[in-house]
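Summary of structural features
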Amino acid sequence: MLGKFLTDILGKKGVCRIGRKLTNWLDIYGSQMRSAGISTASFHQQPDTAGQGGSFRHQRFHVRQMVSPSEVALMVEWMAAEGWHPGVYDAVSRFRQDPTTLRLAELDGVPIGAISYLNYGERVVFGEEVIVKPAFRGKAYLQRLLREVWPAVFTNKNVLAGGDINLRIQRMYERVLGAKVEWYNSKFRGVGTGSAISQRRNGTNYPFKFVSIEKVEFELLCTFDEKVFGAPRAEFLRHFISQPEMVGLAAVSLDDARGGVIVGYGCIRPCLESYSNVSLSRYIGPLFAESAEVGSQLFAALVATVPKGMPYYVKIPEPNQSGMQIAMEYDLELDMHSVQMFTKGNWGMQCGMIHALGYY
């Protein structure tokens, strides 16, 4: 179903080559599954064979590197089914960035789970997502997946456990990884109005202007991002902001003393609203800003790009009061809570400047 949906939206007039490749990869993956006698339409409902004609110890659990974007797309499908709203183009973007950080868990050769992470320098790792299909939960496969990856990837590094972490996963991270909660996040849902905004409020001009993120020097963008995020991640940014249909804006100072200096930036990209109704929405983030006024105006500019009636999502750190104020001003609906966890403490992320978390 999702494969056909991606084919439909990626096949519209003006689609770029990367979109057509994603469609081809999904078609090839579907053909491979059907040739093996596995229906991709029933992948999410595949029966749990553990305990049905066999036992846990008789089944072969194996974790391996993903070898194609179609396998990343499978993980994205699972995330969409969970209501995590992954980006439409995240699979291709992530595979092109670093395929060695994408792992697939299989049981008797059948994919049942996945984990993805990103290395930022030598000492910092972001644990993006970890997921096990619903039919295989409650059987310690999630813990086994983490323990398979941990020694080679996470040992002696400060790990940020991100993603949409619920209470169950939080407790597992605490037990298996030794991670501790740094702060809580609130994920909100809004609906686009299609209205434009202006950089004026109460007749006052703001001392900054918005420019397309493509028009600012990439090195300057990386410098600002590292100041807020606390770790270098140029390669991530390069692939992330170049996703098709990504809208990225940088706030550039107009002050005489700081002319041309980046004081904030934000992105919004198309994401999958759900697996069942195969519709699109938008996801805001990251949104980093030096001040509340920069953050609120960037948010307004990004929201203005959302078509009327289309849902959009934003995840805001709860300690960031100006970010939470934006959610109140726009009367956003609470979608879920999540947590930000580190294994060795906050590595320098400036929560007060993070008005919206994004796909790391």
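Residues numbered from 1 in each chain as written. Predicted model: local features only at pLDDT ≥ 70, side-chain atom pairs only at ≥ 80, totals over all residues. Heavy atoms only, no water.

Applying the stated criterion across every chain, the model contains 13 aromatic pairs. Between Phe 136 and Tyr 141 the ring centres are 6.5 Å apart and the planes differ by 65°, which places this aromatic pair in the edge-to-face class. Note on Phe 136: relative accessible area 3%, which makes it buried. Owing to a relative accessible area of 1%, Tyr 141 belongs among the buried residues under this scheme. Taking the centre distance of 5.4 Å and the plane angle of 25° together, the rings of Tyr 206 and Phe 208 count as stacked. Exposure class is identical for Tyr 206 and Phe 208. Each is buried. Members of the aromatic cluster, connected to one another through ring pairs, are Tyr 120, Trp 183, Phe 229, Phe 342 and Trp 347. Over the ring of Tyr 313 we find Lys 187; its NZ or CZ atom is 5.4 Å from the centre of that ring. For Arg 233, the ring lying beneath its charged end belongs to Phe 229, and the centroid distance is 3.9 Å. (Phe/Tyr/Trp six-rings, centres within 6.5 Å; stacked < 30°, edge-to-face > 60°. Buried < 20%, exposed > 50% of the residue type's maximum accessible area, 1.4 Å probe, protein only. Lys NZ or Arg CZ within 6 Å of the ring centre and 35° of its normal.)

For the structure shown, the criterion picks out nine salt bridges. A salt bridge links Arg 64 to Glu 106; its shortest N-O distance comes to 3.0 Å. Taken together, the residues span a long stretch of sequence, with Arg 64 in strand 1 (residues 61-65) and Glu 106 in strand 2 (residues 102-107) at a distance of 42 residues. We classify Arg 64 as partly exposed; its relative accessible area is 22%. For the salt bridge of Glu 290 with Lys 227, the shortest nitrogen-to-oxygen distance reads 2.9 Å. Here Lys 227 lies in helix 7 (residues 218-229) and Glu 290 lies in the loop between strand 12 (280-289) and helix 9 (292-303), a separation of 63 residues in the sequence. (Salt bridge = Lys/Arg side-chain N within 4 Å of Asp/Glu carboxyl O. Helix = DSSP H or I, 4+ residues; strand = E, 2+ residues; numbered from the N terminus.)

What follows is about the environment of Val 228. Here Val 228 lies in helix 7. On the accessibility criterion, Val 228 (0% relative accessible area) is buried. Note: C-alpha distance between Val 228 and Ala 289 (61 residues apart in sequence) is 8.5 Å. Excluding residues that lie within four positions of it along the chain, Val 228 makes contacts with Phe 288, Gly 348, Met 349, Gln 350, Met 353 and Ile 354. (Contact = heavy atoms within 4.5 Å.)

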